Amino acid sequence: MANRPQPLLPEPNTGPFWEGCKAGELRYQTCDACGAVVFTPRLHCPSCLSGDLSWQVSEGEGTVYTYSVVVQNRVPAFIELGAYSVAYIDLDEGFRMLSTVLADDPMRDIHVGARVRVEFEGQESGEYPVPVFRPIG
Amino acid sequence: MARDRRAAIVGIHEYPLRLAPGVSAMQIKVDSIRAALEDAGLSWSDVDALYDAQDGEAGGGLQLAAYLGLKPSVIDTTYVGGSSYEFQAAHALRSIACGKCKVAVLSYGSVSASNRVAIGTGDRSGRVPNWRANMERPYGMTLIANYALVKQRHMHQYGTTNEQLAGISVSTRHHAMRNPQAVKAMTDLEFVGVNELTVEEVLDSRLVAHPLRLLECCMISDGGGAVIIVAPEVAADCRKPPAWIIGTGEATKYPENGGDITVSAGAQSGPIAFGEAGVRPDEVDIVMIYDSFSITVAVCLEDLGFCAKGEAGELVAGGRLAFDNSETRLAMNTDGGGLSSNHPGMRGIFLLIEATRQLRGESTSQLPDARLAVAHGNGGQLGGVHTGGTVILARD
């Protein structure tokens, strides 16, 4: 169990995403009108402004687009983590997601272009597990 | 050079202190407005346009005029982060050009240092449910980490090195050491070494968010300033020579699926501003770029066209953009920048102020015969949602 800050819900754009996390699903959206892949979750398609979106479930595998290893954060929950990563992950379905890559030594073990897979990390802080990634292999 | 002369900066003031305990942000704004009007040779009764980024304690656009005691005909409360003042300068130009006002005042005041605001390393996600914060809050993305994401990708994509980017900190500190206000700032804010920097010192400073190190990060100070922008007929009678606003550009950028994080809003705002001004980047003498972090400068130099995409590392390496470096005429952040002189949170106004000083011949790191200057603000977060505001200034 970890103790990350929880999302603030109810919130209409991101609520279904976080319900998906409870179900062990990494959800994203596609636009019924123009076919665009939509992420960060929202109530309309940013490509065509259509309000007709469908939720999809990702296979949960992708590539590290970029990352940072945070050494200094004054928020108590993150001071406990020590050095930790934040990363943009390009999922294979075509959406980019902010997350973290868990690694024994983030400075050594994380690389741009590395393949990663999602897992859902339970939280002492609340009911919503948080999707995090680990290097594949 | 410029096709027409529609509005000019004629009054500037930079509040001299970076640590001002007991002073309010509004005091800083009012003191700066008074001094900038004095600089221009104008009086309070001349002012008919008020621009405000909703800083200070007076209550933004609704309350500020009442606090100041002014009934302006133009009120503009554009707030787009640190580039607010470049956007406001663009709006002032347009309002003056269409005859809505003649004397516009931009002001800024902040006491971030005295209030111990952790701009770069604190929690900025708020307590109101928000679609974007909900996707960031669990991961501990600090503001500095956001910029570190851009630096990491830039290094991966173009082979940019830490050594090259350290040159930005080196040239900026070189300028700061010549600026008494910056030296006092670093002293008051208890910098470990108030001295010229070497590339090695930058590389040896502690990591804050890999790959960004302490000496690549701007300071958190108190401070503020004011800028007076006027119509040509007013400029003709002012005390100081005009810095004409000959081109402006405004843009925004945000994370997108498949997008290139190494490209900023400046790639949109820059060409618009240069096109309007009818000048090219290679004609520019002075470039003032919002140096929140080393990588911000590198990305914006590229996006504005001072070098090709991915080549900023070579442009800045070793401190080449110092005003007294003979390898290139272009000089950057000659006041000492946010890195080493002044960063209360929204630095954009100081870019306009130092650009104007250079065109007047008043800088502490004066480039001889500076004729053309660019002020480019980046507001928000470079690796996330941000804005770019470009203002091109020319002297007569």
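**Here we look at the packing of aromatic side chains**
Residues and elements named next belong to chain A.
Reasoning step 1: Evaluated as defined, the whole model comprises nine aromatic pairs over all chains.
Reasoning step 2: Seen from their ring centres, Tyr 28 and Phe 95 are 4.7 Å apart, and the 20° between their planes marks the pair as stacked. With Tyr 28 in strand β1 (residues 27-31) and Phe 95 in the loop between β5 (84-91) and β6 (96-99), this residue pair connects regions lying 67 residues apart in the sequence. For the pair Tyr 28 and Phe 95, one class covers both residues: buried.
Reasoning step 3: An aromatic cluster of at least three residues, connected via ring pairs, comprises Phe 17, Trp 18, Tyr 28, Phe 39 and Phe 95.
Reasoning step 4: Above the ring of Tyr 65, the side-chain terminus of Arg 96 is found at 3.5 Å from the ring centroid.

**Thoughts on the pairing of strand β9 (residues 286-289) of chain B**
All names here are of chain B.
Reasoning step 1: Covered by surrounding structure in β9 are Ile 286 and Met 288 together with Val 287 and Ile 289, the residues of both alternating faces.
Reasoning step 2: Direction of pairing for β9 relative to strand β10 (residues 331-332): parallel, over a ladder of two bridges. Residue pairing in the sheet places Val 287 in a bridge with Met 332 of β10.
Reasoning step 3: As defined by bridge partners, β9 adjoins strand β11 (residues 372-380) across four bridges and the pair is classed as parallel. What sits directly across from Ile 289, in β11, is His 376.

**Notes on the pattern of salt bridges**
Residue and element names in this part refer to chain A.
Reasoning step 1: Summed over all chains, the structure comprises 36 salt bridges over all chains.
Reasoning step 2: Here Arg 134 ties to Glu 119 by a salt bridge, and the two come within 3.0 Å at their closest N and O atoms. Pair noted here: Arg 134 is in strand β8 (residues 130-135) and Glu 119 is in strand β7 (residues 115-121), with a separation of 15 residues, a long-range link.
Reasoning step 3: Its relative accessible area of 38% is what places Arg 134 among the partly exposed residues.
Reasoning step 4: We classify Glu 119 as partly exposed; its relative accessible area is 31%.
Reasoning step 5: One salt-bridge network, in which partners are shared between bridges, spans Glu 61, Asp 92, Arg 115 and Arg 117.

**Notes on the sheet that holds β11(B)**
Residue and element names in this part refer to chain B.
Reasoning step 1: Ordered by their spatial adjacency, 10 strands build an open sheet running β3-β2-β4-β7-β1-β8-β12-β11-β9-β10, and the pairing between neighbours is mixed. Edge positions in the sheet fall to β3 (74-76) and β10, since each of these pairs with one other strand and no more.
Reasoning step 2: Contacting β2 (49-52), β3, β4 (103-111), β7 (222-230), β8 (243-253), β11 and β12 (386-394), helix α3 (residues 84-97) crosses the sheet at an angle of about 125° to β8.

**Thoughts on helix α10 (residues 266-277) of chain B**
Residues and elements named next belong to chain B.
Reasoning step 1: Taking 1.5 Å per residue, 12 residues should reach 16 Å; α10 reaches 16 Å between its end C-alpha atoms and fits that length.
Reasoning step 2: For α10, every residue scored as buried is listed here: Gly 266, Ser 269, Gly 270, Ala 273, Phe 274 and Ala 277. Projection of α10 onto a plane perpendicular to its axis shows the buried side chains occupying an angular sector of 125°, all on one side.
Reasoning step 3: Tucked inside the fold, the buried residues of α10 contact β8, α11 (294-304), β11 and β12.

**Things to note about the interface of chain B and chain A**
Reasoning step 1: On the side of chain A, 46 residues touch chain B, which itself brings 41 residues to the contact.
Reasoning step 2: A buried area of about 3500 Å², summed over both sides, lies between chain B and chain A, and 60% of it is on carbon and sulfur atoms.
Reasoning step 3: Three residues, Met135(B), Tyr139(B) and Asn257(B), lead the burial of chain B against chain A; their summed loss comes to 23% of the area buried on that side.
Reasoning step 4: Scanning the region where chain B abuts chain A turns up zero salt bridges.
Reasoning step 5: At the junction of chain B with chain A, the criterion picks out 20 residue pairs in polar contact (both at pLDDT 80 or more).
Reasoning step 6: Where the side of chain B that touches chain A is concerned, the elements lending two or more residues are α4 (133-136), α5 (143-158) and β5 (207-210) of chain B.
Reasoning step 7: Per element, the largest residue contribution to the side of chain B that touches chain A is seven residues, and it comes from α5(B).

**Focus: helix α14 (residues 348-360) of chain B**
Residues and elements named next belong to chain B.
Reasoning step 1: When the terminal C-alpha atoms of α14 are compared, their 19 Å separation across 13 residues agrees well with the 18 Å that a helix rising 1.5 Å per residue should span.
Reasoning step 2: For α14, a buried count of 13 out of 13 residues is recorded, marking the element as mostly surrounded by other parts of the structure.
Reasoning step 3: After α14 finishes, the residue Gly 361 shows a positive phi value of roughly 85°.

**Topic: the nonpolar core**
Reasoning step 1: Ranked by internal contacts, the top residues of the largest apolar core, which has 145 residues, are Leu42(B), Ile229(B), Leu301(B) and Phe306(B).
Reasoning step 2: Structurally, this core is a two-domain feature, drawing no fewer than three residues from each of domain 1 (8-57) and domain 2 (59-137) of chain A.
Reasoning step 3: Setting aside residues no more than four positions away along its own chain, Leu301(B) makes contact with Val287(B), Ile289(B), Phe306(B), Cys307(B), Leu315(B), Val316(B), Leu321(B) and Met332(B).

**Digging into the domain arrangement of chain A**
All names here are of chain A.
Reasoning step 1: The domain architecture assigned to chain A consists of domain 1 (8-57) and domain 2 (59-137).
Reasoning step 2: Look at where the C-alpha atoms of domain 1 and domain 2 centre, and you get two points 21 Å apart.
Reasoning step 3: On the domain 1 side of the interface with domain 2, the three residues burying the most area are Lys 22, Leu 26 and Phe 39, jointly 44% of the side's total.
Reasoning step 4: Across the domain 1-domain 2 interface, the total number found is one salt bridge.
Reasoning step 5: With a closest N to O distance of 2.6 Å, Lys 22 and Glu 127 form a salt bridge.

**Some remarks on the sheet that holds strand β3 (residues 53-57) of chain A**
Residue and element names in this part refer to chain A.
Reasoning step 1: If you walk across this open sheet you meet the three strands as β2-β1-β3, and the pairing is antiparallel. Among the strands making up the open sheet, the edge pair consists of β2 (37-38) and β3.
Reasoning step 2: The sheet contact formed by β1 and β2 spans two bridges and is antiparallel. Bridging from a neighbouring strand, Thr 30 pairs with Val 37 of β2.

**Some words on unusual backbone geometry**
Reasoning step 1: Residue Pro10(A) is reached from Leu9(A) by a cis peptide bond, and omega for that bond is 10°.
Reasoning step 2: Within the element layout of this structure, Pro10(A) appears in the segment before α1 (15-22).
Reasoning step 3: Look at the link from His210(B) to Pro211(B): it is a cis peptide, with omega at 5°.
Reasoning step 4: By the element assignment, Pro211(B) lies in the loop between β5 and β6 (212-213).
Reasoning step 5: A positive phi is found at Glu190(B), a non-glycine position, where the angle reads about 60°.
Reasoning step 6: Mapping Glu190(B) onto the fold places it in the loop between α7 (180-188) and α8 (199-204).
Reasoning step 7: Despite not being glycine, Asn333(B) shows a phi value in the positive range, around 50°.
Reasoning step 8: Examined against the element boundaries, Asn333(B) turns out to sit in the loop between β10 and α13 (337-340).
Reasoning step 9: By relative accessible area, which is 0% here, Asn333(B) ends up buried.

About the thresholds
Residues numbered from 1 in each chain as written. Chains lettered and ligands numbered in written order. Predicted model: local features only at pLDDT ≥ 70, side-chain atom pairs only at ≥ 80, totals over all residues. Heavy atoms only, no water. Phe/Tyr/Trp six-rings, centres within 6.5 Å; stacked < 30°, edge-to-face > 60°. Helix = DSSP H or I, 4+ residues; strand = E, 2+ residues; numbered from the N terminus. Buried < 20%, exposed > 50% of the residue type's maximum accessible area, 1.4 Å probe, protein only. Lys NZ or Arg CZ within 6 Å of the ring centre and 35° of its normal. Pairing = 2+ DSSP bridges. Salt bridge = Lys/Arg side-chain N within 4 Å of Asp/Glu carboxyl O. Contact = heavy atoms within 4.5 Å. Axes fitted to C-alpha atoms, helices over the stretch in contact; angles between N-to-C directions. Expected span 1.5 Å × (residues − 1). Arc of directions from axis to C-beta. Buried area = accessible area lost by both parts, 1.4 Å probe. Polar contact = N/O pair within 3.5 Å; in protein donor to acceptor, adjacent residues only side chain to side chain. Core = buried A, V, L, I, M, F, W, Y, C linked by side-chain atoms within 4.5 Å. Domains from an automatic or database assignment.

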